[in-house]
Amino acid sequence: MKADQAAAFLRALAAANPAPETELHFRDAYTLLVAVALSAQTTDVAVNKATATLFEEAATPAAMVALGVEGVARHIRRIGLWQGKARNVVALSQLLLDRHGGVVPEDRKALEALPGVGRKTANVVLNVAFGQETMAVDTHIFRLGNRTGIAPGKTTRQVEDGLVKRCPPEMLRDAHHWLILHGRYICKARMPECWRCPALAFCNHTAKVLAPPAR
């Protein structure tokens, strides 16, 4: 897509969802960081079920370190990769205490230095917790970027850079949410529900599904 077409695509999504928000449950920047770190290769619904009890017991870095790996694991065993995630949550909490006084930094480099925190997680935290204009690319946005033509790329970074380049600056902060929710609920992996797509007129997908399958 050219920039004007990409802007029209995003404006159509914005009109359908004027106030998009993350579906992860959190209380502050720290609990958001933990929730996003836990969300890799699992659903937000599963993470929310796990953190509902986890955050009742430990909602600060100090409390999480005191809870320990086994304590964290007790709450998150039903989500994917829980063993490594439990270790990372405790380790990143300890580093927050050691390096940042227990406060989540507003800096990408500092965030990415924490165990289990990659570029996508850092982008989400910077965007949602601190209001920065970042674009976090997950599997939904990667698929959507390539399928619709809004930002094709072979890597998540290529898709991210393409989206940042084509997105109107005033829309960039919310664009991550519009795209992830669109990919999660309408432009689905197995079959895009194009008949429900508010941005259909601006999409370059060549195999649009214009009606639901007959049952």
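Note that this is a predicted model, so its numbers are computed, not measured. (Residues numbered from 1 in each chain as written. Predicted model: local features only at pLDDT ≥ 70, side-chain atom pairs only at ≥ 80, totals over all residues. Heavy atoms only, no water.)

Examining the nonpolar core
(1) Moving on: Core analysis: the biggest nonpolar cluster contains 39 residues, and L54 and M64 have the highest contact counts within it.
(2) Moving on: Elements with a contribution of two residues or more to this core: α2 (29–38), α3 (44–57), α4 (61–76), α5 (82–100) and α7 (119–128).
(3) Moving on: Residue contributions to this core peak at nine residues, all from α2.
(4) Moving on: Beyond its immediate chain neighbours, meaning those up to four positions away, M64 contacts Y30, V34, L54, F55, A58, V72, V89, V90 and S93.
(5) Moving on: Residues F9, L172, L179 and C203 belong to the second largest nonpolar core, which totals 28 residues. (Core = buried A, V, L, I, M, F, W, Y, C linked by side-chain atoms within 4.5 Å. Buried < 20%, exposed > 50% of the residue type's maximum accessible area, 1.4 Å probe, protein only. Helix = DSSP H or I, 4+ residues; strand = E, 2+ residues; numbered from the N terminus. Contact = heavy atoms within 4.5 Å.)

Quick word on unusual backbone geometry
(1) Moving on: The phi angle at Q41 is positive, at roughly 60 degrees, despite the residue not being glycine.
(2) Moving on: One can find Q41 in the loop between α2 and α3.
(3) Moving on: Of note, the phi angle at L81 is positive, near 60 degrees, even though the residue is not glycine.
(4) Moving on: With respect to the element layout, L81 can be found in the loop between α4 and α5.

Digging into the pattern of salt bridges
(1) Moving on: In this structure the tally under the stated criterion is 11 salt bridges.
(2) Moving on: The shortest N-O distance in the salt bridge between D44 and R184 comes to 3.2 Å. Taken as a pair, D44 in helix α3 and R184 in helix α10 (residues 172–185) lie far apart in primary sequence, 140 residues in all.
(3) Moving on: Ionic pairing is found between E112 and R108, a salt bridge with its closest N-O pair at 3.8 Å. Placement of the pair is E112 and R108 together in helix α6 (residues 108–112), with a separation of four residues, close to one helical turn.
(4) Moving on: In the salt-bridge network here, residues are joined through shared partners; they are E23, D44 and R184. (Salt bridge = Lys/Arg side-chain N within 4 Å of Asp/Glu carboxyl O.)

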